[in-house]
Amino acid sequence: MLAFVQVFTSGVAIGCVYGLVALSFVLIYKATETVSFMQGDLLMVGAFTGLALNLLLGLPLWLAAPAAVLAVAVLGALLERLALRRAIGQPHLVAVLLTFGLGMMLRGSVASIPAAAQETYRLPIAADTLAIGPLVLAASHVWVVVVTLVLAAALAAFFRHTRTGRVLRACSEDAGTAALLGWPVARMHTLAWALGAAVAAVAGLLLAPVTFVHLNMGFVALKAFPAAVLGGLTSLPGALLGGVFLGVVEALAGLLLPEGVKDVVPYALLMVALLLFPQGLGAGRAARASV
Amino acid sequence: MRTDPAAAARQAVRAGLPWLLVVLVAVALLGVDYALGKATLVLTYAIAGLGVVVVVGQAGQIALGQAALVALGAYTQAVLVRHGLPAPLAIPAAVLAGALGGVLASLPARRLGGLYFGMSTLAFALIVEEGLARWESVTHGAAGMAVPGFEVFGWRADSTLAQALVSLAALLIALAVCRRLLALHHGRAWRAVRDDEAAAAACGIAPAAVKMQAFLVGGALSGLAGALYAHWIGFISPEQFGLVFSFELLMLAFIGGARRLMGAVWGALVIVAIPPTIALLRDALPGDWARAAGLEMVVFGAVIVAVVLLRPSGLTGRS
């Protein structure tokens, strides 16, 4: 039983990371109709930026982490202004190739730094363990869950209670009407990319103490696609919950099923979900709510 | 279409001339053997690229895991030939494996279309890659396996010329079949679904079935390419058929122009030429930074970005 709870909590923690990446993907997809294949690379750049600020510039972590998130947000906004804007209104393939190419350039740039290409690093965030009775939790896992909850609450507040957040939502719902009403749609696209990049960077910094920082840590973003599909592909809370669900199922599969099955479970779930619940697992609830 | 022999001949010359030029320049620059080896690769890539052209350019759907279908063809061919089946007899099985893979990969999204095809084909590709690495009794797992040469009734295609000729023959057959399909009601249905799904449905075309046909044909072509690729490379392992290969094939179709069948051939030429060009650049550039491991990735990414931004309809398309 104890092992079960232990695996469950680590599944929730890694699921939060999947969920955050999925959320960043859905945020960008909803707002700009752009399919981003570079969220994993933004995640990796976020973790490395935090690491560089901490190790090279000697900034304390509480300062380095937000600075890294901010830097990646600016990077996202810049890329939107320079290149990604051109993919709006084009077929999905254009955005897929464009973001894949930009992601390769980001990964290649990091790989060109010898110190980054060859080693794995630990960020000393929450490196110890928490003991609650007989249950021993990795502090990093608890930290991931707490930060995810705070970030989700902040995003929800932003989308509901601030003017900018509501305009961004309006532009995601119907860019044409929003433009007719005089809202700055193009600026909202930039904002969506900045936010999406920032959320990916947060996911990278949260993942840093769990899997360490290395060049290929962005591959975790592949799991964000099943998470987004489970959440219905256009729902922000759905993406986050889909990620947590995926993380738990994957962890339990690792505990109960033969070796190797764990790695396939997310993608098998994606295909089954498309067959049985094409609108996402929460579709029934949403349909009832709208009646 | 009118069949004026003189005009047809002129057209054939006009179509063939650039290729003659490409071949002559390649032979002059690279030497016969190297050029033939690369030509074999171009022709094989072009067959796989045709599969993407059918799915992406003709039917207007998106396929993010085409490399897995190439892998299915390659592994089917390799396993059957290793068990003593003659290569030409194994090829239909490889084609079938690719076609079946295409259907399976697209099945969950067949009524949803759009991005959902991207998701399901991507998931299928990742499952196949993992499966090939885990099913060690048949595929030898991540260690990969050697593939015997291409042999027909005692004649072995072990010279680069023979390999290039076999690939050329396969490509010409694939092109002819595709051309025929595009002229028939299949191709018209694909284009109708691509241009306006609702209108196509109103005309009595079943979009889900039509899309699945496109994935079936695309998968079959990828399977054929995989079967040949396995022979020419001589050694296959799961990681050769990863996400990067899938994106190379997408880019191939995009660069060549996915609206035309010949786009696959032009795109294949560019894709195969990129790595040696980067290697040449690397040697020509002074200083240490050119030796950095990430340069290739940066350049490859930059080529994709540049093509997408500068020539959104590809090299053969009108922009």
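The text that follows walks through the structure, step by step, so that each part is easy to find.

When helices and strands are tallied, chain B shows 13 helices and 4 strands. The C-alpha atoms of chain B give 20 Å as radius of gyration, which agrees with the globular expectation for 319 residues (20 Å, within 12%). Seen through its C-alpha atoms, chain B measures out along the principal axes to roughly 60 × 55 × 45 Å. Expressed as a percentage of the 319 residues in chain B, the buried residues total 48%. Contacts in chain B between residues at least 24 apart in sequence constitute 76% of all its contacts with a sequence separation of at least 6.

Here we come to the overall build of chain A. When its secondary structure is counted, chain A shows 13 helices and 2 strands. If you line up chain A on its principal axes, its C-alpha atoms span 60 × 50 × 35 Å. In chain A, buried positions account for 52% of the 291 residues. Long-range pairs, those at least 24 residues apart, make up 74% of the contacts in chain A between residues at least 6 apart in sequence.

Attention now goes to the interface of chain B and chain A. On the side of chain A, 36 residues touch chain B, which itself brings 36 residues to the contact. Where the side of chain B that touches chain A is concerned, the elements lending two or more residues are α5 (115-134), α11 (243-256) and α13 (295-310) of chain B. Its residues assigned to classes, the side of chain B that touches chain A shows 29 nonpolar, 5 polar and 2 charged.

This next bit is on the pairing of strand β1 (residues 129-132) of chain A. All names here are of chain A. By the bridge criterion, 4 bridges tie β1 to strand β2 (residues 135-138) in an arrangement that is antiparallel. Each bridged residue has a counterpart across the sheet, and for Leu130 the counterpart in β2 is Leu137. With antiparallel pairing between neighbouring strands as the criterion, β1 and β2 make up a hairpin whose turn holds 2 residues, including Gly133 at a positive phi of roughly 60 degrees.

In an α-helix there are 3.6 residues to a turn, and that puts residues three or four apart on one side. With 20 residues, helix α4 (residues 92-111) of chain A should cover 28 Å at 1.5 Å per step; its first-to-last C-alpha distance of 28 Å lies within 8% of that length. Among the 20 residues that make up α4(A), 18 are buried, leaving the element largely enclosed by the rest of the structure.

Residues and elements named next belong to chain B. As for its placement among the helices and strands, Lys211 is situated in helix α10 (residues 207-233). In this structure the C-alpha to C-alpha distance between Lys211 and Leu161, which are 50 residues apart in sequence, comes to 38 Å. Each residue touching Lys211, except ones within four places of it in the same chain, is listed here: Ala59, Gln61, Ser106, Arg110, Gly113 and Val193.

Unusually for a residue other than glycine, Leu233(A) sits at a positive phi of about 70 degrees. Mapped onto the elements, Leu233(A) comes out in the loop between α10 (224-230) and α11 (236-256). For Leu233(A), a count of 25 C-beta atoms within 10 Å translates into the label buried. A positive phi angle, close to 65 degrees, is found at His140(B), a residue other than glycine. Note that His140(B) resides in the loop between α6 (136-139) and β1 (145-146).

The next thing to look at is the nonpolar core. Formed by 207 residues in total, the largest nonpolar core has its most connected members in Val17(A), Val21(A), Ala201(A), Ile47(B) and Leu224(B). Among the elements that take part in this core, helix α9 (residues 185-211) of chain A stands out by supplying 19 residues, more than any other. In this view, Val17(A) contacts Val144(A), Ala203(A), Leu206(A), Leu207(A) and Val220(A); residues no more than four positions away in its chain are not counted.

With that out of the way, let us pick up the packing of helix α3 (residues 66-82) of chain B against α10(B). Residues and elements named next belong to chain B. Running from N to C, α3 and α10 point in directions that differ by 50 degrees, and their axes come no closer than 7 Å. By the angle between their directions, the pair α3 and α10 is classed as oblique. In the crossing of α3 with α10, the sense of the turn from one axis to the other is right-handed. Judged by residue contacts, Gln66, Leu69, Val70, Ala71, Leu72, Gly73, Ala74, Gln77 and Ala78 of α3 engage Gly219, Ser222, Gly223, Leu224, Ala225, Gly226, Ala227, Tyr229 and Ala230 from α10. Residue composition of the contact of α3 with α10, by class: 11 nonpolar, 7 polar and no charged.

Residue and element names in this part refer to chain B. In the contact formed by α11 and helix α12 (residues 262-284), the axes pass within 7 Å of each other and the chain directions differ by 120 degrees. Taken together, the axes of α11 and α12 lie oblique to each other. Two packed elements cross with a definite hand, and for α11 against α12 that hand is right-handed. Here α11 contributes Glu248, Met251, Leu252, Ala253, Ile255 and Gly256 to the contact with α12, which in turn contributes Gly263, Ala264, Val265, Trp266, Gly267, Ala268, Val270 and Ile271.

What counts and what doesn't
- Positions within a chain are numbered from 1, following the residues in the order the chain's sequence is written.
- Here the convention is simple: chains get letters from A, ligands get numbers from 1, in the order in which they are written.
- Only residues with pLDDT of 70 or above have their local features reported here, since the model is predicted, and side-chain atom pairs are shown and tallied only from 80 upward, although totals for entire chains, interfaces and linings are computed over all residues.
- Secondary structure elements are defined from DSSP: runs of H or I of at least 4 residues count as helices, runs of E of at least 2 residues count as strands, and each element is numbered from the N terminus.
- A radius of gyration in this sense is built from C-alpha atoms; the matching globule rule multiplies 2.2 Å by the number of residues raised to 0.38.
- Whether a residue is buried, exposed or partly exposed is read from the other C-beta atoms within 10 Å of its own C-beta, which are placed from the backbone; 20 or more gives buried, 12 or fewer gives exposed, and intermediate counts give partly exposed.
- By the convention adopted here, residues make contact when the C-beta atoms placed from their backbones lie within 7 Å.
- Each residue is assigned to one class: nonpolar for Ala, Val, Leu, Ile, Met, Phe, Trp, Tyr, Cys and Pro, charged for Asp, Glu, Lys and Arg, and polar for all the others, Gly among them.
- At least two DSSP bridges between two strands are needed for those strands to be called paired.
- In this analysis, the expected span of each helix is defined as 1.5 Å times one less than the number of residues it contains.
- Put simply, a nonpolar core is a cluster of buried Ala, Val, Leu, Ile, Met, Phe, Trp, Tyr and Cys residues tied together by C-beta atoms within 7 Å.
- Every angle, taken between N-to-C directions, lies between 0 and 180 degrees, and every axis is a line fitted to C-alpha atoms, over only the stretch in contact when it is a helix.
- Oblique is the label for any angle not under 35 degrees, not over 145, and not in the 65 to 115 range, which are roughly parallel, roughly antiparallel and roughly perpendicular in turn.
- Crossing handedness follows the turn of the near helix against the far one: under a right angle anticlockwise gives a left-handed crossing, and clockwise gives a right-handed one.

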